[in-house]
Amino acid sequence: MNEAAESGEETLKPMTFGVEPYVSAAYARAEGEKLWPKVWQHACRVEEVPNVGDFVTYDILDDTILIVRSAPDRISAFYNVCAHRGRRLMDGCGHATRFHCRYHAWQYDLQGENVRVLDKEDWGGALPPERLRLRPVQVDTWGGWVWINMDPGCEPLRKYLEPAASMLDPFELEKMRYRWRQWGYFDCNWKVAMEAFIESYHVEGTHPQLLKYAEFYTWSRSDGLHSHHGFQERDPGLQSSESNTIIRAGRGTDARISIAELQEEVYRTVNASTTRTFVNAAARLTAELPEGTPPDKVMAHYMESAKRDDAARGVIWPDITPEHYAKSGIAWNVFPNLSIAHGYTFALCYRARPHGHDPDKCIFEAAVLERFPPGEEPKTEPVFAAPTDVAKWRSVLVQDFANMSEVQRGMKSRGFPGTLPNPKQERPVINFQRNLARYMGTGAPQPHV
Ligand code: FES
Ligand SMILES: [Fe+2]
């Protein structure tokens, strides 16, 4: 499929596309045949299965997958279905030495082999092991996630993920661990939820309180199956390597103050996309630098001091050149349903999946990752949170969520002629729809003239 995505040139032009993928029950059902069984999906983090016997179940529409640490150096994945009469085998996550079916007590080992059939002799020897074992699913790891693919003939994970994998490798996502994770049922199509996080064109309309701190003009790129975007100065003459990153000088005449205010605001209202180290180092800037220090000098001092603070507590920053950081932007959409907003020591990640076959519902999850000193990684559990729960989600994400159900409703109006993404800042939306259409064999975005 990667070669089908090619250069993404057509996403540079104004494009439009219809609402069927978001609102049609038939389309949602077809995704269950043409999309989900064919793509690599991140099922869990490697940190969720550290010991042999640790398992996680991952459900996508009618399929349920069992991911297990089957040996110290191996993670295996199987369809989570008993070979006897089809009972779903395991629920949630946990630890097992064998998988016991709770219907007729058949058992499977961690390699998926059946190791117990009650009254096996009743079958008169007609139970070959290959009929009894759990059916395998393709599995691999990248970025600290366990990925699965139900297509036995799928391309290798690494090839599927490029160029996102090579662009994000220097950020060492695999060394990050969960800081918090939350999920909920949302009243929108899973694609409406994903598309809320693959562009920053929405900041002025959705998060107006952030405008006093910074500009949010962006560039965006199609990268084959995937896409990404980053900040850009409206005036190209002002562009610097920091312009592009999530940690940057804010608006205002005194960069010492604007950086500190922006960091404090992001920490308080997003609870992600920065760390305590960055917030604390920003708060010290006015004490450490004289008034009138030029913004680039303030930023250089700030980054050095945050890096040094982290090193002192055992968090060594990855080695990333400013050029690479600038090219990597602020957020990636990994097709179809992983969004990664990355930084030196943190990442804010989103996933949306269909909830049953209802095109108007999805399961939405956010995972905040961070680099911790060795041995100080927190123990986290996924926390359920309704989309209106400001205390749990904080105000910025709740602002994003408020758009989702309204988009889902608005798209159904007979007065809406189709989607018209910004050809410069919302290329990820166009590219996503283009790649989706290729998998689905349906109409792709068309030039809007
Ligand atoms: S369905 Fe699992 S043992 Fe019968
Ligand atoms: Fe947003």
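Heads up: the structure comes first, above all this text.
As a starting point, this report considers the structure included with it. Residue positions are given per chain, counting from 1 as you read along its sequence in written order. Written order decides the labels, with chains lettered from A and ligands numbered from 1. The model is predicted, so local features are restricted to residues of pLDDT at least 70 and side-chain atom pairs to those at 80 or more, both for listing and for counting; the totals for chains, interfaces and linings are taken over all residues. Excluding hydrogens and water, the side-chain values take into account all heavy atoms of the structure.

Some thoughts on the overall build of the protein chain
Of regular secondary structure, the protein chain possesses 16 helices and 20 strands. Within these notes, the globule rule equals 2.2 Å times the number of residues to the 0.38 power, and the radius of gyration is based on C-alpha atoms. Its C-alpha radius of gyration of 23 Å places the protein chain within 12% of the 22 Å reference for a compact globule of 449 residues. On the principal axes, the C-alpha backbone points of the protein chain span a range of 90 × 55 × 40 Å. For every residue, the accessible area (1.4 Å probe, protein chains only) is compared with the maximum for its type, and the residue is labelled buried under 20%, exposed over 50%, or partly exposed between those bounds. Taking all 449 residues of the protein chain together, the buried fraction comes to 55%. Counting only contacts in the protein chain whose residues sit at least 6 apart along the sequence, the fraction spanning at least 24 positions is 67%. Within the structure as shown, the protein chain displays about 19,600 Å² of accessible surface, and the carbon and sulfur contribution to it stands at 53%. We count a stretch as a helix when DSSP gives it H or I for four or more residues in a row; a strand needs E for two or more, and each element gets its number in order from the N terminus. Pairs of residues are marked as contacts when any of their non-hydrogen atoms sit within 4.5 Å. Only the protein chains shown count as cover for residues, and all accessible areas are computed by the Shrake-Rupley method using a 1.4 Å probe.

So, the sheet that holds strand β15 (residues 331-334)
Strand pairing in a sheet relies on backbone hydrogen bonds. The paired strands run either parallel or antiparallel. With mixed pairing, the 8 strands of this open sheet are ordered in space as β13-β14-β15-β16-β17-β18-β12-β19. The open sheet has two edge strands, β13 (218-223) and β19 (383-384), and neither has a second partner. A pair of strands is considered paired only if DSSP assigns at least 2 bridges between the two. The pairing of strand β17 (residues 346-355) with strand β18 (residues 358-370) spans 10 bridges and is antiparallel. The residue of β18 that forms the bridge with His355 is Asp358.

Some remarks on the coordination of the iron ion (ligand 2)
Within the protein, His202 (NE2), His207 (NE2), Asp400 (OD) and Asp400 (OD) serve as the donor atoms for the iron ion (ligand 2), at 2.1 to 2.7 Å. Here the iron ion (ligand 2) is ringed by 4 donor atoms whose angles at the metal span 53 to 146°, and the overall shape comes out irregular. Note on donors: an N, O or S atom is included if it sits within 2.8 Å of the metal, or within 3.2 Å for Na, K and Ca, and water is never included, so sites can look incomplete. Donor residues binding the iron ion (ligand 2) come from one chain and are separated in sequence as H-x4-H-x192-D. With a gap of 198 residues between them, His202 in the loop between α7 (190-195) and α8 (203-206) and Asp400 in helix α15 (residues 395-410) connect regions that are remote in the sequence. In this scheme the shape depends on donor count and angles: four donors with every angle between 85 and 135 degrees give tetrahedral, four or six donors with opposite pairs above 155 degrees and others between 65 and 115 give square planar or octahedral in turn, and any other case is irregular.

Quick notes on the sheet that holds strand β9 (residues 114-116)
Here 3 strands make up an open sheet; going across it, the order is β7-β8-β9 and the pairing antiparallel. Only two strands of the sheet have a single neighbouring strand rather than two, namely β7 (99-100) and β9. One ladder, built from 2 bridges, connects strand β8 (residues 107-108) with β9; its direction is antiparallel. Directly across from Gln107, in β9, lies its bridge partner Arg116.

Digging into the pattern of salt bridges
Pairs may arise between side chains of opposite charge once their charged atoms sit close together. Whenever a carboxyl oxygen of Asp or Glu lies within 4 Å of a side-chain nitrogen of Lys or Arg, that contact is scored as a salt bridge. For the coordinates displayed, the defined rule picks out 23 salt bridges. For Asp59, the salt bridge is made with Arg88, and the minimal N-O distance between the two is 2.9 Å. Placement of Asp59 in strand β3 (residues 54-60) and of Arg88 in the loop between β5 (74-79) and β6 (93-95) is noted, with a sequence separation of 29 residues between them. Using a relative accessible area of 28% as the deciding quantity, one classes Arg88 as partly exposed. Each of Asp59, Arg88, Asp91 and Arg102 takes part in salt bridges that share partners, so that together they form one network.

Examining the packing of aromatic side chains
Ring pairs are drawn from Phe, Tyr and Trp, using the six-membered ring of Trp, whenever the two centres fall within 6.5 Å, and their geometry is named by plane angle: stacked under 30 degrees, edge-to-face over 60, tilted for the rest. If you walk through the whole model with that rule in mind, you get 29 aromatic pairs. Each ring, one from Trp317 and one from Tyr344, has its centre 4.6 Å from the other, and the planes form 20°; the classification is stacked. Of this pair, Trp317 sits in the loop between α12 (295-312) and α13 (322-328) while Tyr344 sits in the loop between β16 (338-342) and β17, placing them 27 residues apart in sequence. For the pair Trp317 and Tyr344, one class covers both residues: buried. Taken together, Phe171, Phe278, Tyr302, Trp317, Tyr325, Tyr344 and Phe346 form an aromatic cluster joined through their ring pairs. The ring of Tyr178 carries the charged tip of Arg181 above its face, separated from the ring centre by 4.1 Å. A cation over a ring is seen here: Arg276 above Tyr267, with NZ or CZ 4.5 Å from the ring centre. Here, a charge over a ring is recorded when the distance from Lys NZ or Arg CZ to the ring centre is within 6 Å and its angle to the ring normal is within 35 degrees.

Digging into the pairing of β15
Because side chains alternate across β15, one face comprises the buried residues Ala331 and Asn333, and the other comprises Trp332 and Val334, equally buried. The pairing of strand β14 (residues 226-231) with β15 spans 3 bridges and is classified as antiparallel. Bridge assignment links His228 to a residue of β15, and that residue is Trp332. Here β15 runs beside β16; their pairing, made up of 4 bridges, is antiparallel. Considered in β16, the bridge of Trp332 is made with Ile340. Where β15 hands over to β16, the hairpin turn is made up of 3 residues, counted between the paired strands.

Things to note about the state of the cysteines
By convention in this document, the label disulfide applies to cysteine sulfur atom pairs within 2.5 Å. Applying the stated criterion across every chain, the model contains 0 disulfides. Among the cysteines around Cys154, which has no disulfide bond, Cys44 carries the closest sulfur, lying 17 Å off. A relative accessible area of 17% places Cys154 in the buried class. Sulfur of Cys349: no disulfide; nearest cysteine sulfur belongs to Cys44 and is 14 Å away.

With respect to the nonpolar core
In plain words, nonpolar cores are sets of buried Ala, Val, Leu, Ile, Met, Phe, Trp, Tyr and Cys residues tied together by side-chain atoms within 4.5 Å. Formed by 108 residues in total, the largest nonpolar core has its most connected members in Ile67, Trp142, Ile340, Phe364, Trp393 and Met404. When near neighbours in sequence (up to four residues on either side) are disregarded, Met404 contacts Phe186, Cys188, Val192, Ala193, Ala196, Phe197 and Phe364.

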